[in-house]
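Each chain, letter by letter, is given below.
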Amino acid sequence: MTSLILASNRLPIQLCADGTVEKTTGGLASALEGAGLGESYTWVGWGGPCPSEGIKTDEFQDQMRELGVEPVLLCEEEISGYYEGYSNSTLWPLVHYMTERARFEPEWIQYYRQVNHKFASTISKIAEQGATVWIHDYHLMLIPKILRENRPDLKIGFFLHTPFPSSEVFRALPERDELLEGLLGSDLIGFHTFSYLRHFISSLIRILALEVDIEGLWYKNRHIQLGVHPIGHNHIGFKKAAESDTFHMTYLSHRDHLDEGKLILSVERLDYTKGLPQKLKAIRRFLESHPEQSSKVNFVLIAVPSRRGVEEYENLTEKVQCEVSSINGEFGEVGHAPVQFLHRSFKLEEIAALYALADVCMVTPTLDGMNLVAKEFIDCKRESHRARAGVLILSEFAGAAQEMSHALLVNPHDTVTVAETIQTALTMSSKEKWERVRAMQKRLDLNHAGAWAQRFLTDLEKSSTDQCCCSSDNPIQVIGVQIRQQIDLGKKIALFLDYDGTLRPFTNTPEAAIPDAKLKQLLSDLGEHPQIELAVVSGRPRSFLDQHLGHLPIHLVAEHGFYWKLLDMDGWEQLNEHVDTNWKDIIRPRLLAATALTPGSEIEEKHSSIVWHYRQADPEFALWRAKGLLSELTSTTASLPVSVHHGQKIIEVASQQVSKGVAVERMLQLWHPRLAITAGDDVTDESMFACPTFQNSILHSLKIGSGDTRASHRTSIEGLRNLLESLVGKRHTAEH
């Protein structure tokens, strides 16, 4: 059993046929190697195929466990459907905005689900009670939800190492809802950049219709934190590499070979997102524009093999090799080829030596989640390593660009500018090169892989701790116990409950949000309880409440407190007969103008208020419009007897003489309950939460969902429903 578990598609090691252990390639393995986590964790992942047919499955697992990892065994069909299919042929191109490359095969998602369940099962078996689980990348997006359902005690973090695309791109995925809901099983979801976080939030808003702010959201009775955690590089690993004999031998060998020549280095995995064809086009243009440089420059393109056997990648390899040959044939000389294409892996020490020696490093992906090569190159430019001064040419579409502003940023598609940037880098003064390098090193020294991992895990721990202390489960349970104790003592209880967003989830149209049979029965049972006074305090008009709740033995308040109908009344009555509504003629034209400018919005006019609804409008455009309208109305109504509220997809202008709080105070004065509960989700419910207590009564206020509030506790629709259902049983106890 273990208290910290890391989960990723591939383990950082694999067994070879001769029994030796080989490190796997990849940015995650490299970064976590330098994360400084020690041996206090277990890594769960696919260990690759058994290296020998003679090794039994159990023996293979035992051998891997002895190395400190927990292998997940996958059959060939699962590897094909889950990894090569859904992960790399559907999700990978999609998150990189290459929808034309994405393939949507219905059978692949079945394997994706199956493998995610396998991973979750393995994690559940080895995780201690309350363990921390850190899940990595797009291969495993369903695991958080599976673990949340099976092991709610776990602290679950998820980090996405790729970009998260715009909602317009992500919604092309048939299983878009399922993957988003899968991620929402996490306590903390992390991204490299704010842009990726912003796109994720947009997808939650547009696809799942959730209310989300920049720091997180409330979902199924839990708060989920969202964060930006740009990954760092393996600083410790490269520091050790620079002290090795291999580093010095490699450095001296290449330095002597280069002599007065210039080394322009490129290191990447061979993938269509890395922009190799565009890079070669820029190199060709540079050599055409600066023929005097052709005998001096050495473009070394290291492309680590990727997904061998996949036709698309084999075609890419062939295309790159053909273009390299073409450039060398046109611009090469006897004994010198300006471009070298090295299609293989290199040792860390060898790469570090090339970084230290390079005059320029070109990192020009068309899109990349982060790209650690840029950080590794700058980190290796240490005078203590005898490094040459160097310049980083960095794609503005790499996540690293947001952290490395002293690089020469380029658009990789603009090959003319990239070519000229190469010349700028080669002719830059040594003084400026070192100034740029040192400026970036200051940030890298504070944000290496170890700092990244510790920050994420600290935030995850805090998020989980906040969940335990502030989640609705504990306060709701305490409130439930208090209510049942008061009922046992024969005391009166009062419940004041909002309707939309509190008793019933929102719908696209207000008319569709009608109570189902189960909710009606629950309200009826509570209303018939001899010790409970139940009032639904809603912004809805009288007609809606009469039609759907009027037959139940409960009290009703309509239009935020303008009308009420208690059980001992013959019909609806106005709480305040002296309410002034002449201000409507001033406000109505402004709301009509906003409606005309915002497709999907509409106006609802009530006796004491006018409401602008934008639930069916484009969510982000409508929110922008709402903020402008709110500012305008606040200024316009400064001298009018009204208040302006920005609620759940609404802006409401209402009379100051009317509020839910006034109605609740009146009922408290009438009933004198020993304990009262107010519950609501909206800013219009805040006046209920601010009600004073009477005659030593206990008053609890419950905020449903996220947002600032005066309420003493926070919960969800499900949490409130569970509390109410727990009280129904007390009816029979009281009657006997």
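Residues numbered from 1 in each chain as written. Predicted model: local features only at pLDDT ≥ 70, side-chain atom pairs only at ≥ 80, totals over all residues. Heavy atoms only, no water.

Trainee: Help me understand the sheet that holds strand β20 (residues 563–565) in this model?
Mentor: In a beta sheet, neighbouring strands are held together by backbone hydrogen bonds and run either parallel or antiparallel to one another. Pairing is mixed in the open sheet, where 8 strands are placed in the order β21-β20-β19-β18-β17-β26-β27-β28. The open sheet has two free edges, formed respectively by β21 (573–574) and β28 (713–715), since each of these has just one partner strand. Bridge count for strand β19 (residues 555–558) against β20 is 3 bridges, and the pairing is antiparallel. Along β20, the bridge assignment pairs alanine 558 with tyrosine 563. Packing against the sheet, helix α20 (residues 542–549) makes contact with β18 (532–537), β19 and β20, and its axis sits at approximately 155° to β19. Of the strands in this sheet, β17 (493–497), β18, β19, β20 and β26 (675–680) touch helix α23 (residues 660–671), which is tilted by about 165° from β18. (Pairing = 2+ DSSP bridges. Helix = DSSP H or I, 4+ residues; strand = E, 2+ residues; numbered from the N terminus. Contact = heavy atoms within 4.5 Å. Axes fitted to C-alpha atoms, helices over the stretch in contact; angles between N-to-C directions.)

Trainee: What should I look at first to understand the confidence of the model for the chain in this one?
Mentor: Any segment with low pLDDT has predicted coordinates that should not be analysed in fine detail. Averaged over every residue, the pLDDT of the chain is 91; residues scoring 70 or more account for 94%. In the predicted structure, residues 730–736 sits below a pLDDT of 50 and forms 10 contacts with residues beyond four places in sequence or in another chain. (pLDDT = per-residue confidence, 0-100.)

Trainee: Looking at this structure, how should I read α20?
Mentor: An α-helical turn contains 3.6 residues, so any two residues separated by three or four positions project in the same direction. Restricting attention to buried positions, one finds in α20 the residues Phe544, Leu545, His548 and Leu549. Buried residues along α20 cover an arc of 95° about the axis, so they all sit on one side. Residues Ser543 and Gln547 are exposed on α20 and point more than 90 degrees away from its buried face. Looking at the buried positions of α20, the neighbouring elements they touch are α19 (517–528), β18 and β19. (Buried < 20%, exposed > 50% of the residue type's maximum accessible area, 1.4 Å probe, protein only. Arc of directions from axis to C-beta.)

Trainee: Would you explain the environment of alanine 389 in this entry?
Mentor: Looking at where alanine 389 falls in the secondary structure, it is placed in the loop between α14 (372–379) and β15 (391–395). Look at alanine 389 and you get buried, because its relative accessible area is 13%. Alanine 389 sits 29 residues away from valine 360 along the chain, and the two C-alpha atoms are 8.8 Å apart. The contacts of alanine 389, once residues within four sequence positions are left out, are Ala358, Asp359, Lys381, Ser430, Lys433 and Trp434.

Trainee: Looking at this structure, how should I read the packing of aromatic side chains?
Mentor: Centre distance and the angle of the planes are the two values used to describe a pair of aromatic rings. Using the criterion set out here, one finds 22 aromatic pairs in the structure. Between tyrosine 86 and tyrosine 112, the aromatic rings sit 4.7 Å apart at their centres with planes inclined by 50°, giving tilted as the arrangement. Placement of tyrosine 86 in helix α3 (residues 76–95) and of tyrosine 112 in helix α4 (residues 106–126) is noted, with a sequence separation of 26 residues between them. Residue tyrosine 86 is classed as buried on the basis of its relative accessible area of 2%. Residue tyrosine 112 is classed as buried on the basis of its relative accessible area, which comes to 0%. Measuring from centroid to centroid gives 5.7 Å for tryptophan 92 and tyrosine 138, while their planes differ by 45°, and the two rings are tilted. (Phe/Tyr/Trp six-rings, centres within 6.5 Å; stacked < 30°, edge-to-face > 60°.)

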